[in-house]
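If you want the building blocks of each chain, they are given just below.
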Amino acid sequence: MTGQPSAPDPVAALDPVLPSPLQEVVDERFARHGVRLLLKRDDLIHPRLVGNKWRKLAPNLRAAAGRPVLTFGGAYSNHLRATAAAGRLLGLPTIGVVRGQELADRPLNASLARCAADGMRLHFVDRSMYRRKSDPATLAAVLRAADAGDAYVVPEGGSNSLAVRGCQDLGAELRGRADVVALACGTGGTLAGLAAGLAPGQRALGIPVLKGGFLDEEIRRLQERAFGGPRGDWRLDDRFHCGGYARTTPELDAFAVDFEARHALPVERLYVAKSLYGLVALVSEGAFARGTTLAAVITGRPFEDHAP
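In this numbering scheme, every chain counts its residues from 1 along its sequence in written order. At least 70 in pLDDT is required for a residue's local features to be given in this predicted model, at least 80 for side-chain atom pairs to be given and counted, and no such filter applies to totals for whole chains, interfaces and linings, which use all residues. Water and hydrogen atoms were dropped before computing side-chain values, which therefore reflect all heavy atoms in the structure.

Q: Give a description of the packing of helix H8 (residues 189-197) against helix H9 (residues 215-227) that names residues and reports values.
A: For helices, the fitted line uses only the C-alpha atoms of the stretch in contact; every axis is such a line through C-alpha atoms, and the angle between N-to-C directions lies from 0 to 180 degrees. Only DSSP runs of H or I covering at least 4 residues are called helices, and only runs of E covering at least 2 are called strands; the numbering of each starts at the N terminus. Contact geometry of H8 with H9 gives a least axis separation of 9 Å together with a crossing angle of 55°. Taken together, the axes of H8 and H9 lie oblique to each other. For the crossing formed where H8 meets H9, the hand is right-handed. Along its contact with H8, which presents Gly189, Leu191, Ala192, Ala195 and Ala196, the element H9 presents Ile219, Leu222, Gln223 and Phe227. Here the nonpolar group is Ala, Val, Leu, Ile, Met, Phe, Trp, Tyr, Cys and Pro; Asp, Glu, Lys and Arg are the charged ones; every other residue, Gly included, is treated as polar. Split into classes, the residues belonging to the contact of H8 with H9 amount to seven nonpolar, two polar and no charged. Should an angle fall under 35 degrees it is called roughly parallel, over 145 degrees roughly antiparallel, and 65 to 115 degrees roughly perpendicular, with every other angle called oblique. Handedness of each helix crossing follows the sense of rotation of the near helix against the far helix: counterclockwise by less than a right angle gives left-handed, clockwise gives right-handed. By definition, residues are in contact when any of their heavy atoms lie within 4.5 Å.

Here's what the structure looks like:
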């Protein structure tokens, strides 16, 4: 007796490049300390659903099953842009709940304008309500105000249990390929899944791009929800956020320009630049033993480098 044929996967129609390429680069700042550097090019997975945004959004888009998708982010959110792009490509309505009611009366910045151009309906809320968005009563009020009672809700940054399990594939793709795998962290979902997918003996290193020191607890909570308990060997180094999310410094900008020139790699500033900058600093401090193979996950590309 044969079962019913499985429904086609709508996300697969977007033709992602998986597994993403793994490229070795020669950089004397690493080589002189005996460290081999690999770049895990998740930025090449898809031109609009770039890097970890693909890995976190794809399982949620499947779960949405054609329903409108509502999610959250700030005015410069990569996650909002990726969700809006996915909605356009898949024919799904999307609603973006944006932090900052005061932004409703201002011209849209380039990031939010891209969301709107991709068909995302923007709903602005005050910062106090935004902070309480995880509270069920507040979320229900937001859904009513946004006329999105039937929407599938994806949390800020896309980090939920489905996303964490999706990012486990990133670790699986790197099994046996590196001793340490490093990446920038926003909400922690990618690191939570990555660490779970790595083999015993491999380590994951997260470079937070936000201030606050809250990610350690959040990653543990995400792994508890996704896997029922802690998974993998991981740690954080929160010295390289450069003042917080969407903050940069002249030194960071100069570093990114130099890295681009050395390796012909467009370096996204809000996440990728901070992780690479942190790795150069850590190598110079002797944080990695000679003979270490270090893989840096390139989780995104500069905004202007995204395909239209």
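Q: An account of the layout of surface pockets is needed here, citing residue identities and associated values.
A: Size it by volume and the largest pocket reaches roughly 1200 Å³. Around the largest pocket, the lining comprises 49 residues; the ones closest to its centre are Phe72, Pro155, Glu156, Gly157 and Thr187. Looking at the lining of the largest pocket, the elements with two or more residues in it are helix H2 (52-64), strand E3 (69-73), helix H3 (78-90), helix H5 (127-131), strand E7 (180-185), H8 and H9. Looking at the lining of the largest pocket residue by residue, the class counts come to 16 nonpolar, 19 polar and 14 charged. Grid spacing is 1 Å over the protein atoms alone, the probe is 1.4 Å, and a cavity is where that probe fits but cannot get out, while a pocket is an open set with protein on both sides within 12 Å along at least five of seven lines and lining residues have an atom within 4 Å of a point. Grid points are joined across faces, edges and corners, and a volume is the space filled by probe spheres set on the points.

Q: Give me the state of the cysteines: which residues, what numbers.
A: Any cysteine sulfur atom paired with another within 2.5 Å is treated as part of a disulfide. Taken as a whole and assessed by the stated rule, the structure comprises zero disulfides. Among the cysteines around cysteine 115, which has no disulfide bond, cysteine 167 carries the closest sulfur, lying 20 Å off. Burial classification: accessible surface area is computed with a 1.4 Å probe over protein chains only, and a residue below 20% of its type maximum counts as buried, one above 50% as exposed, and the rest as partly exposed. Residue class for cysteine 115 comes out buried when judged on its relative accessible area of 1%. Looking at the unpaired cysteine 242, the closest cysteine sulfur is the one in cysteine 185, lying at 15 Å.

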